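# Structural overview for review
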Amino acid sequence: MSVNSFPHDSFKDALAANVAYIKDFKYSELTGTAQQGLAIVTCMDSRINPLSVVGMKSGDAKILRNAGARVTDDVLRTLVLATYLLGVERILIMPHTNCRMAQVDDVEIHREIDTKYGIDTSEIEFKTVPDQRLALIEDVQKIRSYSLIKSGVVVGGAIYDVATGKITPVDC
Ligand SMILES: [Zn+2]
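Report follows, based on the coordinates. No experiment lies behind these values; they were computed from the predicted model shown.

## Let's talk about helix H3 (residues 73-85)
Over its 13 residues, H3 runs 18 Å from end to end, which matches the ideal 18 Å to within 8%, given 1.5 Å per residue. For H3, the full list of buried residues reads Val75, Leu76, Leu79, Val80, Ala82 and Thr83. Taken together, the buried residues of H3 touch strand E1 (38-43), strand E2 (61-66), strand E3 (90-94) and helix H5 (132-144).

## Concerning empty space enclosed by the protein
Summary: where empty space remains is shown by rolling a probe the size of a single water molecule over the atoms. Overall, the coordinates contain one cavity of 30 Å³ or more when judged by the stated rule. Within this model, the largest cavity holds a volume of roughly 70 Å³. Lining the largest cavity, in full, are Gly68, Ala69, Arg70, Pro95, Cys99, Met101, Ala102, Val129, Gln132, Ala135, Leu136 and Asp139. Residue composition of the lining of the largest cavity, grouped by class: eight nonpolar, two polar and two charged.

## Remarks on the coordination of the zinc ion
Those protein atoms acting as donors to the zinc ion are Cys43 (SG), His96 (NE2) and Cys99 (SG), and they sit at 2.0 to 2.3 Å. Of note, the zinc ion draws all its donor residues from one chain, in the sequence arrangement C-x52-H-x2-C. A residue is classified by how much of its surface remains accessible, and His96, at 1% relative accessible area, is buried. Accessibility expressed as a relative area gives 5% for Cys99, which makes it buried.

## Examining the layout of surface pockets
Estimated volume of the largest pocket: approximately 260 Å³. Forming the walls of the largest pocket are 15 residues, and the residues nearest its centre are Met44, Ala67, Arg100, Met101 and Ile109. Here the lining of the largest pocket takes three residues from helix H4 (residues 106-117), the largest share from any one element. Counted by class, the lining of the largest pocket contains eight nonpolar, three polar and four charged residues.

## Some points on the sheet that holds strand E4 (residues 154-160)
Pairing is mixed in the open sheet, where five strands are placed in the order E2-E1-E3-E4-E5. Whereas interior strands pair on both sides, the edge strands pair on one side only; in this sheet they are E2 and strand E5 (167-170). Pairs of neighbouring strands in the sheet enclose a mean axial angle of 25°, with direction left out of account. Across the sheet, H3 touches E1, E2 and E3, and the angle it forms with E2 is around 175°.

Quick notes on the rules
- Within any chain, residue numbers begin from 1 and follow the written order of that chain's sequence.
- Given that this is a predicted model, residues contribute local features only at a pLDDT of at least 70 and side-chain atom pairs are listed and counted only at 80 or more, while totals for whole chains, interfaces and linings are drawn from all residues.
- Remark: hydrogens and water are excluded; side-chain values derive from all non-hydrogen atoms of the structure.
- Strands here are runs of E lasting at least two residues and helices are runs of H or I lasting at least four, both read from the DSSP assignment and numbered beginning at the N terminus.
- Expected span of a helix, by definition, is 1.5 Å for each gap between consecutive residues, and there is one gap fewer than residues.
- Each residue's exposure class comes from its accessible area (1.4 Å probe, protein chains only) as a fraction of the maximum for that residue type: buried when under 20%, exposed when over 50%, partly exposed otherwise.
- The criterion used for residue contact is that any of the two residues' heavy atoms lie within 4.5 Å.
- Within this scheme a cavity is a closed region of a 1 Å grid, computed over the protein atoms alone, that accommodates a 1.4 Å probe without allowing it to escape, whereas a pocket is open but has protein on both sides within 12 Å along at least five of seven lines; lining residues each have an atom within 4 Å of a point.
- Grid points are joined across faces, edges and corners, and a volume is the space filled by probe spheres set on the points.
- Residue classes follow a fixed rule: Ala, Val, Leu, Ile, Met, Phe, Trp, Tyr, Cys and Pro count as nonpolar, while Asp, Glu, Lys and Arg count as charged, and any other residue, Gly among them, counts as polar.
- Listed donors are limited to N, O and S atoms within 2.8 Å of the metal, widened to 3.2 Å for Na, K and Ca; water is not among them, so incomplete-looking sites are possible.
- Two strands qualify as a pair provided DSSP detects at least 2 bridges between them.
- An axis is simply a line fitted to the C-alpha atoms; with a helix, the fit covers only the stretch in contact. Between two such axes, the angle follows the N-to-C directions and lies from 0 to 180 degrees.

In structure tokens:
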């Protein structure tokens with residue numbers, strides 16, 4: 001297998017920042033167990049800092065992210081591991097306001113990428129969200145009813161407001 005050299009130029013800011021980060025690194029003693037027993041499933045949106053949103057820090061919680069904060073097969077796989085082996089006892093599904101995934105449908109995204117780049121992405125299901133509240137309820141219930149999630153784990157849904165930082169719990 002041939003490999004390419006690491007693209008240093010593209011990551012120069014991140015590498016420089018890491019040099020500073022490790023100077024007073026204070027998490028050496030942590031294990032992989034979530035100390036606050038929490039997992040958060042949220043969107044990849046760059047406005048969300050999940051640990052800060054709930055007043056936590058490194059070591060406290062498992063963070064799972066994807067476009068739209070959807071409960072996919074891979075999220076379920078990860079939550080099985082997290083609940084049985086990594087101390088997770090409560091799961092918060094946290095989509096957000098102003099999410100692009102809740103503003104367009106799959107057809108529009110396929111069309112936009114095709115128009116801009118000439119690439120046909122139709123083999124991918126983007127899992128856009130026509131009704132954010134309904135999708136949240138379905139995703140929360142999907143975890144609750146999944147037979148392989150550890151019993152007794154509590155699952156809740158809340159929507160994060162990108163304009164205020166507030167999370168609003170939703171009955172699911
Ligand atoms: Zn989003």
